[in-house]
Amino acid sequence: MKTWLKRSLIGLFGTAVLFGSLAACSHRHHAGGRLSDADVAQLRERFIGKATRELSLDSAQVQRLGLLADALAAQRSALIADGANPRSEMQALMTGAQFDRSRAQALIESKTGAVKDKAPAVVGAMADFFDSLQPAQQQKLRDFMAKGHGHGHGFGRG
């Protein structure tokens, strides 16, 4: 695999895990696991500030990180567009005598469709951000991911 492609994929994955863990771990602080738009904005700014400090980002890199955050927020919005609670959706599949397979399949298709529709923008924003990093910054991000951070630790905390 070409070095630039490998590095891009590592950066893409790393950034996705960072943002994903931020959203996943932050639910414990909010009723019902649902973040308000204000909560998401606050977490976004805190994450960008921490990443800016940790990676010593310049203004162009911060702007690219902001575009990545916007793309991920758009994907998140598409995933929760119907407003249903994921736990309630799963419980609804098991209310009858049999598991509602067709409803489950429709639920999966709607969620994967939302991810698929927004994926090009997310991938592009992740690639643009990672590619804008200097080699030392890229390595710092790789090291951060290699240490198992991104699951409620590191950039997303404090």
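Residues numbered from 1 in each chain as written. Predicted model: local features only at pLDDT ≥ 70, side-chain atom pairs only at ≥ 80, totals over all residues. Heavy atoms only, no water.

### Examining the pattern of salt bridges
Between side chains of opposite charge, pairing is possible as soon as their charged atoms come close.
Here comes step 1: Scanning all chains against the criterion turns up two salt bridges.
Here comes step 2: For the salt bridge of Arg44 with Glu45, the shortest nitrogen-to-oxygen distance reads 2.6 Å.
Here comes step 3: Residue classification places Glu45 among the partly exposed residues on the basis of a relative accessible area of 48%.
Here comes step 4: Here Asp70 and Arg44 are joined by a salt bridge, their closest N and O atoms 3.0 Å apart. Of this pair, Asp70 sits in helix α3 (residues 59–79) while Arg44 sits in helix α2 (residues 37–55), and the two are 26 residues apart along the sequence.
Here comes step 5: When salt bridges with common partners are traced through the structure, they connect Arg44, Glu45 and Asp70 into a single cluster. (Salt bridge = Lys/Arg side-chain N within 4 Å of Asp/Glu carboxyl O. Buried < 20%, exposed > 50% of the residue type's maximum accessible area, 1.4 Å probe, protein only. Helix = DSSP H or I, 4+ residues; strand = E, 2+ residues; numbered from the N terminus.)

### A word on the environment of Arg76
Here comes step 1: Within the secondary structure, Arg76 sits in helix α3.
Here comes step 2: In this structure, the C-alpha to C-alpha distance between Arg76 and Val115, residues 39 residues apart in sequence, is 8.5 Å.
Here comes step 3: Ignoring any residue separated from it by four or fewer positions in sequence, one finds Arg76 in contact with Leu35 and Val40. (Contact = heavy atoms within 4.5 Å.)

### Quick notes on the environment of Leu55
Here comes step 1: With respect to the helices and strands, the residue Leu55 is situated in helix α2.
Here comes step 2: For the pair Leu55 and Gln137, spaced 82 residues apart in sequence, the C-alpha to C-alpha distance is 5.7 Å.

### Looking at the packing of α2 against α3
Here comes step 1: Relative to each other, α2 and α3 sit at 150°, their axes nearing to 11 Å. The way α2 lies across α3 gives a crossing that is right-handed. Taken together, the residues of α3 that come into contact with α2 (itself represented by Val40, Arg44, Phe47, Ile48, Ala51 and Thr52) are Val62, Leu65, Gly66, Ala69, Asp70 and Arg76.
Here comes step 2: Looking at the contact of α2 with α3, its residues break down into seven nonpolar, two polar and three charged. (Axes fitted to C-alpha atoms, helices over the stretch in contact; angles between N-to-C directions. Left-handed = near helix turned anticlockwise from the far one by under 90°. Nonpolar A, V, L, I, M, F, W, Y, C, P; charged D, E, K, R; others polar.)

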